[in-house]
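# Remarks on the overall topology
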Amino acid sequence: MVALIPSFLLTAQPGEVINVAELAPSPWSNLIRAGILIAVFLPAILILAKIGSKVVGRRLSGQAGFVTGKLILYLGTLLLLATVMLQMGFKITAVLGAAGVLTVAISFAAQTSLSNLISGIFILWEQPFKVGEVVLINDTRGIVVSVDLLSVKLRTLDNLYVRVPNETIIKSQVTTITRFPIRRLDINLGVAYREDPERVMRVIREVAEANPHCLDEPPPIVLFTNFGDSALEFFVGLWFEKSNFLNLRNSFMIGLKKRFDEEGIEIPFPHVTLYSGSETKPFPVEVTERFSVRSGETNANHED
Amino acid sequence: MVADGMVTDGFRSLFHPWDGRGRFYLAVGNLRVRAVFSAGDLLLAREMSPDSAFERRLEETEPEGVAWTRFSLKEETGRVLLEPVLPERPILVRTRTPIVVPPDTAGVFYVSVPLSVGISASATSPAASTPVRLACWLTQGLSDSWYGDPMMGEYCYSLKSRARRQLEDGGIHRGDAQCKVLFENQTSESFTVDKFCIHTDSLGLFASEKTFWTSTLVLTRRDREDDLLFKSAPGTPPEAGDTKAVAPPRKAEGQGRLKLPFASSWLR
């Protein structure tokens, strides 16, 4: 870069043979050279950072482009700073040496942040999820708000703001719930042992086919899975377009219960017997008086 | 013009615009549409009622239980256009029985595609800007479906009726458009057709004396290709007779690629 500096900035007499290496440039000329360096190369770095950000943003993602632009800007500025310092006459070898020692010290102190930073670069490259997708990271389910260098920010479905370090994401299993356009809703249910399994499966299929949110391709899955302790167990798998999860779940469950009631299909449930202590028998329940909810009259009144 | 309180049956009367006076009722297929202007706004409501319950409530201006949608229109709006349009999503169609198409052969199918009612508003002057589409409602309740594999595919409607080999087989219903689908097998192997997808945005809509027609859809299978090439042939097939154009294709380019039916089998 120094070789580009015009020769008239150096102090010399006309006709004099000059050995450039022996000349000591004046402090003012150093300042001017440094100024020219900054004036020429700083805008170039800014333009390069913008171009790099756009190119990477188009190929990968907006977030990756933003990070690339910042990296180019920071690295370019550091290089320019080193060149300007050289031009000003500073001996940067000593500075670089000290920086090396400092880097080791900082690395030990900031190893977690560095790990997050490197993990962030891998996440931006691999793209396991994008901004706007719903993800499950460990036990946290939320919508990705931003993918940054050190962490990923989520907004949970009950509107909490969660910051997840990138290192955690690289080490954990991450489920991107909305990656594919359709999903399957899995329901396990049981019916009483006295029911006919084929009839139950036919009823479930009819309820699924009548539901407007349930896709008919891929077709609903209805399986008789097990002879359970208390019930005949079935598995139902319903495909839906990913934005219809709540609509399908509510409408199918309600529709199935209504249809089961109409068909007289019983869903068994556990019964509880109350004991007052381990030595006593169960409390007996004896009907002494029948009370009519509608009229408020009791059987005793009727007999009178 | 359509008269106040008139109940229109079918799409035939929809080629005349409504001037917004009084009330307007439309019955096509299972769809019932009510329209009324109120305080400068257009109120629209729809019901899917295959029985006469809708007709019994005609005397009520704003009956209970009807979900109205209110549209705020520009002051110069003076016409409401109701027109037949093809559904906005692709249609998944199944054949009655799987058909095997041998090499260098073409198989023909006819599909009855349920139409939608497109409701648009425009200014009174014919020289005014393009009508603004307010709503688009199917005349039959169609189920949601998916064409493709679970990772990548198309969200579409599922047709209740099946693709048929003869035009007259199965009847022609009001509110449907007949679509002729041609399968061309340009490979050296037979292939089986049991379901396919019709991209309605690449088809034009036409009207004949008896029914509506779409452009002919040609699906071609070529060697060493994993998908089908679909193309919309201009005009209607010869069996449609004399037709007049109702609506052009929504997409200018009438061709594209269609994934192979994911559950179909390929004979070797």
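Use the structure listed above.
Cut-offs used in this document
In this numbering scheme, every chain counts its residues from 1 along its sequence in written order. Each chain takes a letter, starting from A, and each ligand takes a number, starting from 1, following the order in which they are written. Per-residue local features of the predicted model are confined to residues with pLDDT of at least 70, and side-chain atom pairs are confined, for both listing and counting, to 80 or more; whole-chain, interface and lining totals are unaffected and use all residues. To obtain the side-chain values, all non-hydrogen atoms of the structure were included, while hydrogens and water were left out. Nonpolar core, defined: a set of buried Ala, Val, Leu, Ile, Met, Phe, Trp, Tyr and Cys residues in which side-chain atoms within 4.5 Å join the residues together. Burial classification: accessible surface area is computed with a 1.4 Å probe over protein chains only, and a residue below 20% of its type maximum counts as buried, one above 50% as exposed, and the rest as partly exposed. For helices the rule is a DSSP run of H or I covering at least 4 residues; for strands it is a run of E covering at least 2, with both sets numbered from the N terminus onward. Contacts are assigned to residue pairs that have any heavy atoms within 4.5 Å of one another. Summed over both partners, the accessible surface that disappears when two parts come together, traced with a 1.4 Å probe, is what is meant by buried area. Any carboxyl oxygen of Asp or Glu that lies within 4 Å of a side-chain nitrogen of Lys or Arg is treated as forming a salt bridge with it. Strand pairing is defined by DSSP finding a minimum of two bridges between the two strands. Fitted lines through C-alpha atoms give the axes, limited to the stretch in contact for helices. The angle between two N-to-C directions lies from 0 to 180 degrees.

This paragraph deals with the nonpolar core. Residues and elements named next belong to chain B. Formed by 30 residues in total, the largest nonpolar core has its most connected members in V111, V181, F183, F196 and I198. Of all the secondary structure elements, the ones that give two or more residues to this core are strand 7 (91-101), strand 8 (105-114), strand 13 (176-186), strand 14 (191-198), strand 15 (205-207), strand 17 (216-222) and strand 18 (227-233). For V111, the residues in contact, after removing those within four places along its chain, are V93, L159, A163, R164, A177, Q178, C179, V181, F196 and I198.

Time to look at the interface of chain B and chain A. Listed by partner, the interface residues are twelve residues for chain B and 13 residues for chain A. Around 1100 Å² of area is buried between chain B and chain A when both sides are counted, 60% of it from carbon and sulfur atoms. For chain B, the biggest contributors to the area lost against chain A are D144, W146 and P150 of chain B; these three give 48% of the whole. Our enumeration of links across chain B and chain A arrives at three salt bridges. Across the pair E217 of chain A and R94 of chain B runs a salt bridge whose closest N-O atoms are separated by 3.2 Å. If you list the elements that add at least two residues to the side of chain B that touches chain A, you get strand 7, strand 11 (143-149) and strand 12 (152-158) of chain B. The biggest single contributor to the side of chain B that touches chain A is strand 11 of chain B, with four residues.

Examined against the element boundaries, E47 of chain B turns out to sit in strand 4 (residues 41-48). Expressed as a C-alpha distance, the spacing of E47 of chain B and S72 of chain B, which sit 25 residues apart in the sequence, is 21 Å.

Below, the discussion takes up the sheet that holds strand 3 (residues 151-156) of chain A. All names here are of chain A. Here we have five strands laid out as an open sheet, ordered 4-3-2-1-5, and antiparallel in their pairing. Whereas interior strands pair on both sides, the edge strands pair on one side only; in this sheet they are strand 4 (161-165) and strand 5 (174-176). On average, each strand axis in the sheet is tilted by 40° relative to the strand beside it, whichever way the strands run. By the bridge criterion, five bridges tie strand 3 to strand 4 in an arrangement that is antiparallel. Within the sheet, the bridge partner assigned to K153 lies in strand 4 and is R163.

Attention shifts here to the environment of L44 of chain B. Residue and element names in this part refer to chain B. One can find L44 in strand 4. Distance from L44 to T95, taken between C-alpha atoms, is 37 Å for residues 51 residues apart in sequence. In this view, L44 contacts R34, A35, A67, W68, T69, F71, I119 and W137; residues no more than four positions away in its chain are not counted.

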